[in-house]
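Chain by chain, the residues:
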Amino acid sequence: MYQVVPKKKKLKHVTFSDKIYGYPMASPRKTFRIADDKIKNIIILNTKLAHPLVAEKVGKEYERLIMILMELLTSDDDTGETFREALNRIEKFRQEIKNKYRHFLKQKELEEMGKQLQLFQQEAKLRFVQLQNAYYENLNQQGKGK
């Protein structure tokens, strides 16, 4: 980890013995300009400062996921591939939040997203099971008719 020392304008290496969680800020140009110095990586360690940034990013990803899930769950697919895709996307988002952002989000925000995602997950599983049951019933009826 590095920090800018204004008087010397040199980078100083800082080490920590404990594992510290930080939020790396993104930049469209890959560099930040601070006091005419180019900084490549900025990592926010203070959770109070990182919370609004993380909440905005996760909120946008969450809204995008909800839109995709609505399309997948309302599509007319006889193979069940859309339901599997919906379940995979939900699990991927949950793991990403758990591994990357849980230190910066409030417990209440995590619980609200978790409850809504769990409802989508249950709906996708239910529809997938119904589709499989209908498929096997159709196979059994065709087998008995011969």
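Just so you know, the residues in each chain are numbered from 1, in the order the chain's sequence is written. It should be noted that, the model being predicted, local features are given only for residues of pLDDT at least 70 and side-chain atom pairs only at 80 or more, the latter also being counted only at that level, while totals for whole chains, interfaces and linings use all residues. In computing side-chain properties, one takes all heavy atoms of the structure into account and sets aside hydrogens as well as water.

Student: Which residues make up the overall build of the chain, and what are the values?
Tutor: Secondary structure follows DSSP: runs of H or I at least 4 residues long count as helices, runs of E at least 2 residues long count as strands, and numbering of each begins at the N terminus. Counting secondary structure elements, the chain contains 3 helices and 6 strands. The secondary structure elements of the chain, listed N-terminal to C-terminal, are β-β-β-β-β-β-α-α-α. Split into buried and exposed, the 146 residues of the chain put 23% on the buried side. Whether two residues are in contact is decided by their heavy atoms: any pair within 4.5 Å suffices. Sequence-distant contacts in the chain: of pairs separated by 6 or more residues, those separated by 24 or more amount to 58%. Carbon and sulfur atoms provide 52% of the accessible area of the chain, an area that totals close to 11700 Å². Each residue gets one of three labels from its accessible area relative to the maximum for its type: buried under 20%, exposed over 50%, partly exposed in between, using a 1.4 Å probe on protein chains only. In this description, accessible areas are obtained by the Shrake-Rupley approach with a 1.4 Å probe, and a residue is regarded as covered only by the protein chains that are shown.

Student: Just give me the short version of the pattern of salt bridges, but keep the residues and values in it.
Tutor: Where charged atoms from two side chains of opposite charge come close, those side chains can pair. For this document, the term salt bridge refers to a Lys or Arg side-chain nitrogen within 4 Å of an Asp or Glu carboxyl oxygen. Taken as a whole and judged by the stated rule, the model has 4 salt bridges. Between Glu85 and Arg89 there is a salt bridge; the shortest N-O distance is 2.8 Å. Taken together, the residues span about one helical turn, with Glu85 and Arg89 both in helix H2 (residues 81-101) at a distance of 4 residues. With relative accessibility at 29%, the residue Glu85 sits in the partly exposed group.

Student: Summarise the packing of helix H1 (residues 47-74) against H2; cite the residues concerned and give the values.
Tutor: Working note: a packed helix pair is described by the angle between its axes plus the distance between those axes. Contact geometry of H1 with H2 gives a least axis separation of 9 Å together with a crossing angle of 170°. Taken as axis vectors, H1 and H2 run roughly antiparallel relative to one another. Contacts from Val54, Lys57, Val58, Glu61, Tyr62, Leu65, Ile68, Leu69, Leu72 and Leu73 in H1 reach Thr82, Phe83, Glu85, Ala86, Arg89, Ile90, Phe93, Glu96, Ile97 and Tyr101 in H2. Each residue gets one of three labels, nonpolar for Ala, Val, Leu, Ile, Met, Phe, Trp, Tyr, Cys and Pro, charged for Asp, Glu, Lys and Arg, and polar for the others, Gly among them. The class makeup of the residues in the contact of H1 with H2 is 14 nonpolar, 1 polar and 5 charged. Lines fitted to the C-alpha atoms define the axes, with helices restricted to the stretch that makes contact. Angles between their N-to-C directions range from 0 to 180 degrees. Working rule for angles: under 35 degrees goes down as roughly parallel, over 145 as roughly antiparallel, 65 to 115 as roughly perpendicular, anything else as oblique.

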